[in-house]
Amino acid sequence: AQSVTQLGSHVSVSEGALVLLRCNYSSSVPPYLFWYVQYPNQGLQLLLKYTSAATLVKGINGFEAEFKKSETSFHLTKPSAHMSDAAEYFCAVSEYRGYQKVTFGIGTKLQVIP
Amino acid sequence: NAGVTQTPKFQVLKTGQSMTLQCAQDMNHEYMSWYRQDPGMGLRLIHYSVGAGITDQGEVPNGYNVSRSTTEDFPLRLLSAAPSQTSVYFCASSYGGQGASEQYFGPGTRLTVT
């Protein structure tokens, strides 16, 4: 069974500081991994995804994530936080089992302090 | 393209009432799904469909019904609303249900059951 663990339901960073949101997964098959962002009162939108083409994945708004198989991790980073990055971030793992089975983490709310 | 649309945006029901949450997409996606989002629990899959006429249960299907008569529409029916169904509901669609497919989310329906 697949699962996703996001460490830290709330993370606060200062504007301009490094953003690091942690995600660990378990999967019985090579996984597909996603990061989605949810701004207040909106649906989720894709930040980036890993599909085995490259271990370092670049996404929108300056975010990137590195797939580390040995650590079963897919942490999300951004070198310098902006106020507009304040949102909730969800890590998700996907497997194909005749249909796309997607499991989401519980989410991490990012607060950016001016 | 409008993408994924959901109606209504907000709804208040009394216990025992029934209602249908509407979801439509104009991207010709085969795969559609319904999630509920609750604080501290991430997104949980209620029902999904891999094409017109084909639906199946997700993680938390009790108290909900779905049907898929067209590729575009995927309504979610609450049969007899209960306070435990107070939540934010998201509809999502993707190309083919393959593991690597990105999901596109609607803006959500915020439901309160009193």
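Right above here is the structure, for reference.
Residues numbered from 1 in each chain as written. Chains lettered and ligands numbered in written order. Predicted model: local features only at pLDDT ≥ 70, side-chain atom pairs only at ≥ 80, totals over all residues. Heavy atoms only, no water.

A. Broad picture of the pairing of strand E10 (residues 100-104) of chain A. Residue and element names in this part refer to chain A. Because side chains alternate across E10, one face comprises the buried residues Gln-100, Val-102 and Phe-104, and the other comprises Lys-101 and Thr-103, none of which is buried. Pairing analysis gives five bridges linking strand E9 (residues 87-96) to E10, with the strands arranged antiparallel. Bridge pairing links Val-93 to Thr-103 in E10. Hairpin connection of E9 to E10: three residues between the antiparallel strands, including Gly-98 at a positive phi of 85 degrees. (Buried < 20%, exposed > 50% of the residue type's maximum accessible area, 1.4 Å probe, protein only. Helix = DSSP H or I, 4+ residues; strand = E, 2+ residues; numbered from the N terminus. Pairing = 2+ DSSP bridges.)

B. Seen up close, the sheet that holds strand E3 (residues 19-25) of chain B. Residues and elements named next belong to chain B. Taken together, the four strands give an open sheet; going across it, the order is E1-E3-E8-E7, and neighbouring strands pair in antiparallel fashion. Only two strands of the sheet have a single partner each, and these edge strands are strand E1 (4-7) and strand E7 (64-66). Pairs of neighbouring strands in the sheet enclose a mean axial angle of 20 degrees, with direction left out of account. Two strands pair when backbone bridges link them, and E7 and strand E8 (residues 76-78) are joined in this way by three bridges, in the antiparallel orientation. (Axes fitted to C-alpha atoms, helices over the stretch in contact; angles between N-to-C directions.)

C. Quick look at the nonpolar core. Of all hydrophobic cores here, the largest spans 27 residues; its most connected members are Trp35(A), Leu48(A), Phe74(A), Leu76(A) and Tyr89(A). At the level of secondary structure, the elements contributing two or more residues to this core comprise strand E2 (10-14), strand E3 (19-26), strand E4 (32-38), strand E5 (44-50), strand E7 (64-68), strand E8 (73-78), E9 and strand E11 (108-113) of chain A. Filtering out sequence-adjacent residues up to four positions away, Leu48(A) remains in contact with Leu33(A), Phe34(A), Trp35(A), Val57(A), Lys58(A), Gly59(A), Phe63(A), Glu64(A), Ala65(A), Phe74(A) and Leu76(A). Among the nonpolar cores identified, the runner-up in size contains 19 residues, and Val4(B), Leu21(B), Ala81(B) and Cys91(B) belong to it. (Core = buried A, V, L, I, M, F, W, Y, C linked by side-chain atoms within 4.5 Å. Contact = heavy atoms within 4.5 Å.)

D. Focus on the sheet that holds strand E6 (residues 56-58) of chain A. Residues and elements named next belong to chain A. Here five strands make up an open sheet; going across it, the order is E1-E3-E8-E7-E6 and the pairing antiparallel. Edge positions in the open sheet fall to strand E1 (3-7) and E6, since each of these has one partner strand only. Each adjacent strand pair in this sheet contributes to an overall mean axis angle of 20 degrees, direction not counted. As defined by bridge partners, E3 adjoins E8 across four bridges and the pair is classed as antiparallel. Of the residues in E8, the one forming a bridge with Asn-24 is Ser-73.

E. Up close: the interface of chain B and chain A. In this complex, chain B contributes 22 residues to the contact, which on the side of chain A involves 22 residues. Contact between chain B and chain A buries roughly 1,700 Å² in total, counting both sides, with carbon and sulfur atoms accounting for 54%. Applying the counting rule to chain B against chain A returns zero salt bridges. Examining the composition of the side of chain B that touches chain A, we find that four residues originate from one element, strand E5 (residues 42-51) of chain B, more than from any other. Here the residues of the side of chain B that touches chain A are counted per class, giving ten nonpolar, ten polar and two charged. (Buried area = accessible area lost by both parts, 1.4 Å probe. Salt bridge = Lys/Arg side-chain N within 4 Å of Asp/Glu carboxyl O. Nonpolar A, V, L, I, M, F, W, Y, C, P; charged D, E, K, R; others polar.)

F. Broad picture of the packing of aromatic side chains. Inspection of the entire model under this criterion finds twelve aromatic pairs over all chains. Plain terms: the ring middles of Tyr50(A) and Phe67(A) are 4.1 Å apart, the flat faces sit at 15 degrees to each other, and that makes the pair stacked. With Tyr50(A) in strand E5 and Phe67(A) in strand E7, this pair connects stretches of sequence that are 17 residues apart. Given a relative accessible area of 10%, Phe67(A) falls into the buried group. One aromatic cluster is present, formed by Phe34(A), Tyr36(A), Phe104(A), Tyr35(B) and Phe105(B) through successive ring pairs. Sitting above the plane of the Phe74(B) ring, Arg68(B) keeps its charged end 5.9 Å from the centroid. (Phe/Tyr/Trp six-rings, centres within 6.5 Å; stacked < 30°, edge-to-face > 60°. Lys NZ or Arg CZ within 6 Å of the ring centre and 35° of its normal.)

G. Representation of the pattern of salt bridges within the structure. Under the definition given, this model contains four salt bridges over all chains. In this structure, the salt-bridge partner of Lys58(A) is Glu64(A), at a minimum N-O distance of 2.8 Å. Classification of Lys58(A) by relative accessible area gives exposed; the value is 61%. Glu64(A) gets classed as partly exposed once you look at its relative accessible area, which sits at 24%. Between Arg36(B) and Asp38(B) there is a salt bridge, and its shortest N-O distance comes to 2.8 Å. On the basis of relative accessible area, Arg36(B) is assigned to the buried category, the value being 8%.

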